[in-house]
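Read off the chains here:
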Amino acid sequence: LSLTTGGPEHSYQPETRGAVDLLLKHLTDGTFRLCGMETLAPFVAYGAARISDEQRQEYLRLYAERLEEIATA
């Protein structure tokens, strides 16, 4: 999974809304794994609508790296 959030990373911690992987557990475990799929940790761009251009470029760079390496992950 690749996704963006409306809030910053600190808003998605266990003590706040909950960690993203826990929030997605029903999908990754309850749907994907039940269908026989293996899952990777999600790629998350936190607060995408409010970040600087530099932060956006860094997310894009990291996402490109993720896509290039996904076959061997």
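The written sequence of each chain sets the order in which its residues are numbered from 1. Local features in a predicted model are, by the rule used here, given only for residues with pLDDT of at least 70; side-chain atom pairs are given and counted only at 80 or more, and totals for whole chains, interfaces and linings are based on all residues. Side-chain calculation: all heavy atoms of the structure are included, whereas hydrogens and water are not.

**Concerning the overall build of the chain**
Put simply, the rule reads: Going along the chain from the N terminus, every DSSP run of H or I of four or more residues is numbered as a helix, and every run of E of two or more is numbered as a strand. Exposure categories follow from relative accessible area, calculated using a 1.4 Å probe and restricted to protein chains: below 20% of the type maximum is buried, above 50% is exposed, and the middle band is partly exposed. Contacts are assigned to residue pairs with any non-hydrogen atoms lying within 4.5 Å of each other.
Looking only at helices and strands, one finds 3 helices and 2 strands in the chain. In the chain, the succession of α and β elements from N to C terminus is β-α-α-β-α. Along the first, second and third principal axes, the C-alpha set of the chain runs to 40 × 35 × 15 Å. Counting over 73 residues, the chain shows a buried share of 21%. The contacts in the chain between residues at least 6 apart in sequence include a share of 55% that link residues at least 24 apart.

**A few points about the nonpolar core**
Going by this rule: Only buried residues count toward a nonpolar core. Its members are Ala, Val, Leu, Ile, Met, Phe, Trp, Tyr and Cys residues joined through side-chain atoms within 4.5 Å.
If you look at the biggest cluster of nonpolar residues, it comprises 5 residues: Tyr12, Val20, Leu24, Val44 and Tyr46. Leave out the neighbours within four places in its chain, and Val20 touches Leu3, Tyr12, Pro42, Val44 and Tyr46.

**Structural notes on the packing of aromatic side chains**
Our working rule: Working definition: a ring pair exists when centres of Phe, Tyr or Trp rings (six-membered ring for Trp) sit within 6.5 Å. Plane angles under 30 degrees give stacked, over 60 give edge-to-face, the rest tilted.
Enumeration over the complete set of coordinates arrives at 3 aromatic pairs. With a centroid separation of 5.9 Å and an interplanar angle of 40 degrees, the aromatic rings of Tyr12 and Tyr46 are classed as tilted. Separated by 34 residues along the polypeptide, Tyr12 in the loop between strand E1 (2-4) and helix H1 (20-23) and Tyr46 in the loop between strand E2 (43-45) and helix H3 (53-69) bring together distant segments of the chain. Each member of the pair, Tyr12 together with Tyr46, is buried.

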